[in-house]
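Read off the chains here:
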Amino acid sequence: MSIQKPSLPKGTRDFGPSQMARRNYILDTIKDTFRLFGYQQLETPSMENLSVLTGKYGDEGDQLLYKILNSGDYLKKVNATDLDAGTAAMLPKIAEKGLRYDLTVPFARYVVMNRNEITYPFKRFQIQPVWRADRPQKGRYREFYQCDADVVGTDSLICEVEILLMIRRVFAHLKLTDYDIKINNRKILTGLSEVIGEPGKEGQLCVAIDKLDKIGWEKVQEELLQRGFAQPSIDKLEPVISQKGSNADKLEFLKGFLASSEEGTKGVRELEEVFALLAEYGEDEAHVELDLVLARGLSYYTGAIFEVKVNKVSIGSVSGGGRYDNLTGVFGLEGVSGVGFSFGVDRIYDVLEELSLFPADQERSTEVMIGYFDEKGKKYGLKVLNALRQAGLSSEIYPDEVKVKKQFHYADKKNIPFVIMIGDEEIDQNKVTLKNLHTGDQSMYDLAEAITLIKA
RNA sequence: GUGGUUGUAGCUCAGUUGGUUAGAGCGCUGGUUUGUGGAUCCAGAGGUCGUCGGUUCGAACCCGAUCUUCCACCCCA
């Protein structure tokens, strides 16, 4: 019987106590914010029927889905001809479930299945892991968490504004100051493709233009040519690429540039209203930047699109989202529009780490540990322990009778700020010795006094 | 999915053209003090060198496969 070394599947991680403390610091901030804006929490199963998931993320997406082998004799329904037909044809016979790939599709499924119980507009948030059979890299995992907030059943641009406000609140609480919320509108991109003489190609345009930051204008032109755009059309795009200035300046420019496109003009008007509403809230435009070349690959966006980039760090975007007109159409429920966005917790974690923005005492859990010299002290300590907990102090007693040195060492390693020591003297005088591990000071007090001191 | 990269003690890393018993720092355990942790000093434990196979008298080192890490592309949070 050989002992096997345990290991983790590629692209997955354990979260130890200190990581969990830090993750919860981020997640609690996000949850508080979602609730503050009236969103309610939803959870859906880790696995969905494969029919719910396939075909929603494109061919590549289907490849990245984790499929779950049927229970029992999973080859039961397979015969020789199925084997010859290849993987794609055989898949439905051996797997009927899969792990969720994102939170949007399960949400759409939920809305459709509960369409009659839901009161619209429906504001929900959802924080759960998702799985992708991608090749992992730094900041890219096969299991990771998404924090989605969506509101469906309203076209109001107030939702867009509130997304901006939620992002700003979360980042302010996390002490992140140097970041940009980039905003654009899919209708503007549609308008652009019309105006430059390539109508209907906004999808292709998006894919290429989205890389501007990364590969530069020259390379983007090459890519556009490859994607079948004519050189004169590309030339017409030039003034948009080089457009600089304030959000108002850019909108002014677009108004003229897209005048001939009905759709584009609509997009401009929507953006204008978002900025106008923001002002109505009494808020400024800090961190909000209209980015004419922000595209985002996802094809289902139809209105506003968002992306958040933290400056001066090596991590890509940490949040993104947008408006979609027909979330639930694939499940047979037409006309449910909505807008949503998502925080990438894992990436925010990396950003906070890179910028050393995690609070120092995040790891502390226990406030007081009780130590003692012998069995008598231990028994006395149990009463003290109970009193501490009733006073609302997170506390523990060292469970084994070992040397005092070892007890203190434990408290020190666990970053426990106070130790209450029990010996014969304390028992005789009905007191406790309280030691502050940070300063090293210690003296004897009544238990009630000690509790007040710890709470101070 | 394509191309490349990494793996030696719990952690960060040395390790000569292939040659006897694979090292350091930090950490860990015990002691120096019989009512006290974090500093000093002393001692100690811990490695089938990612795994499997091959070449060789001999492999941490050379070759192959596989797993893992990270990177670029694709795509994405």
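Residues numbered from 1 in each chain as written. Chains lettered and ligands numbered in written order. Predicted model: local features only at pLDDT ≥ 70, side-chain atom pairs only at ≥ 80, totals over all residues. Heavy atoms only, no water.

Help me understand the pattern of salt bridges in this model?
Any two side chains of opposite charge can pair, given that their charged atoms come close. Inspection of every chain in the model, using the stated rule, returns 22 salt bridges. For the salt bridge of Glu-270 with Lys-187, the shortest nitrogen-to-oxygen distance reads 2.7 Å. Residue Glu-270 is located in helix α13 (residues 262-280), and its partner Lys-187 is located in helix α8 (residues 186-195); the two are separated by 83 residues in the primary sequence. Lys-187 shares its class with Glu-270; the two are buried. Within this structure, Arg-13, Arg-23 and Asp-346 form a network of salt bridges that share partners. (Salt bridge = Lys/Arg side-chain N within 4 Å of Asp/Glu carboxyl O. Helix = DSSP H or I, 4+ residues; strand = E, 2+ residues; numbered from the N terminus. Buried < 20%, exposed > 50% of the residue type's maximum accessible area, 1.4 Å probe, protein only.)

Help me understand the sheet that holds strand β13 (residues 395-397), please; the structure alone is not making it clear to me.
Sheets are built from strands that pair by backbone hydrogen bonding, the pairs being arranged parallel or antiparallel. Spatially, 5 strands are ordered β13-β12-β14-β15-β16 in an open sheet, and the strand pairing comes out mixed. With one partner strand each, in any of the chains shown, β13 and β16 (442-445) form the two edges of the open sheet. On average, each strand axis in the sheet is tilted by 25° relative to the strand beside it, whichever way the strands run. With 5 bridges connecting them, strand β12 (residues 368-372) and strand β14 (residues 418-422) associate as parallel partners. Bridge pairing in β14 links Ile-370 to Ile-420. Helix-sheet contacts for helix α16 (residues 404-413) involve β12, β13, β14 and β15 (432-436), and the interaxial angle to β12 is about 175°. (Pairing = 2+ DSSP bridges. Axes fitted to C-alpha atoms, helices over the stretch in contact; angles between N-to-C directions. Contact = heavy atoms within 4.5 Å.)

What am I meant to see in the nonpolar core here?
Side chains of nonpolar character tend, in soluble globular proteins, to be buried together. Formed by 91 residues in total, the largest nonpolar core has its most connected members in Ile-26, Phe-34, Phe-171 and Phe-343. The element that contributes the greatest number of residues to this core is helix α7 (residues 158-173), accounting for 9 residues. Once you skip the residues sitting within four places of it in the chain, Ile-26 turns out to touch Leu-174, Val-345, Ile-348, Tyr-349, Leu-352 and Phe-358. Among the nonpolar cores identified, the runner-up in size contains 24 residues, and Tyr-380, Val-384, Val-432 and Leu-434 belong to it. (Core = buried A, V, L, I, M, F, W, Y, C linked by side-chain atoms within 4.5 Å.)

I keep staring at the side chain of Gln-126 and nothing clicks. Help me out?
Tracing the backbone shows Gln-126 in strand β5 (residues 122-131). There is a polar contact of 2.3 Å between the side chain of Gln-126 and the side chain of Arg-124. Only 2.9 Å separates the side chain of Gln-126 from the side chain of Gln-128, close enough to count as a polar contact. The contact partners of Gln-126, leaving out residues within four places of it in the chain, are Leu-42, Glu-43, Thr-44, Leu-103, Phe-107, Gln-146, Cys-147 and Asp-148. (Polar contact = N/O pair within 3.5 Å; in protein donor to acceptor, adjacent residues only side chain to side chain.)

So what exactly am I meant to see when it comes to the protein's contact with RNA strand B here?
In the neighbourhood of RNA strand B, 36 residues make up the surrounding shell, with Lys-138, Arg-140, Arg-347, Lys-403 and Phe-408 lying closest. Within the side chain of Glu-60, a nitrogen or oxygen atom sits 3.2 Å from a sugar or linking oxygen of RNA strand B. Arg-132 places a side-chain nitrogen or oxygen 2.6 Å from a sugar or linking oxygen of RNA strand B. Among the secondary structure elements, those contributing two or more residues to the surface near RNA strand B are β6 (143-152), α16, α17 (424-429) and β15. The dominant element in the surface near RNA strand B, judged by the number of residues it contributes, is α16, at 7 residues. (Near = heavy atom within 4 Å.)

Help me understand a negative patch on the surface, please; the structure alone is not making it clear to me.
Taken together, the side chains of Glu-218, Glu-222, Asp-235 and Glu-238 make up a negatively charged region of the molecular surface. For the negative patch, the secondary-structure elements that each account for two or more residues are α10 (212-226) and α11 (231-241). In this fold, Glu-238 is placed in helix α11. (Patch = residues over 30% accessible without salt bridge, like charges linked within 9 Å, V, L, I, M, F, W, Y side chains within 5 Å. Areas by Shrake-Rupley, 256 points an atom, 1.4 Å probe, with all protein chains shown as cover. Lys, Arg positive; Asp, Glu negative; His and termini not counted. Charge placed at Lys NZ, Arg CZ, Asp CG, Glu CD.)

Where do I start with the sheet that holds strand β8 (residues 288-290) in this structure?
Spatially, the 8 strands line up as an open sheet ordered β1-β5-β6-β11-β10-β9-β7-β8, and their pairing is mixed. At either end of the open sheet lies a strand with only one pairing partner, and these are β1 (40-41) and β8. With 6 bridges connecting them, β6 and strand β11 (residues 338-343) associate as antiparallel partners. Counted as the bridge partner of Val-152 is Gly-338 from β11. Of the strands in this sheet, β5, β6, β7 (179-185), β8, β9 (301-310), β10 (319-324) and β11 touch α7, which is tilted by about 15° from β11.

Even after reading the chapter, I still don't get the confidence of the model for chain A, so can you show me in this structure?
One rule of thumb: low pLDDT means the predicted coordinates there are not for detailed reading. For chain A, the mean per-residue pLDDT works out to 89, and 98% of the residues sit at or above 70. The complex prediction reports pTM at 0.88, with the ipTM value standing at 0.85. (pLDDT = per-residue confidence, 0-100.)

What is the right way to look at the packing of α8 against α13 in this model?
A pair of packed helices is characterised by two quantities: the angle between their axes and the separation of those axes. Contact pair α8 / α13: the axes reach a minimum separation of 7 Å and the direction vectors enclose 150°. Comparing their axes, α13 and α8 come out roughly antiparallel. In this structure, the crossing between α8 and α13 has a hand that is left-handed. Between α8 and α13, the contacting residues are Lys-187, Ile-188, Thr-190, Gly-191 and Glu-194 on the first element and Glu-262, Glu-263, Gly-264, Lys-266, Gly-267, Val-268, Glu-270 and Leu-271 on the second. (Parallel < 35°, antiparallel > 145°, perpendicular 65-115°, else oblique. Left-handed = near helix turned anticlockwise from the far one by under 90°.)

Honestly, the environment of Ile-118 in this entry has me stumped. Any pointers?
On the secondary structure map, Ile-118 appears in the loop between α6 (104-113) and β5. Sequence-wise, Ile-118 and Gly-440 are 322 residues apart; in three dimensions their C-alpha atoms are separated by 58 Å.

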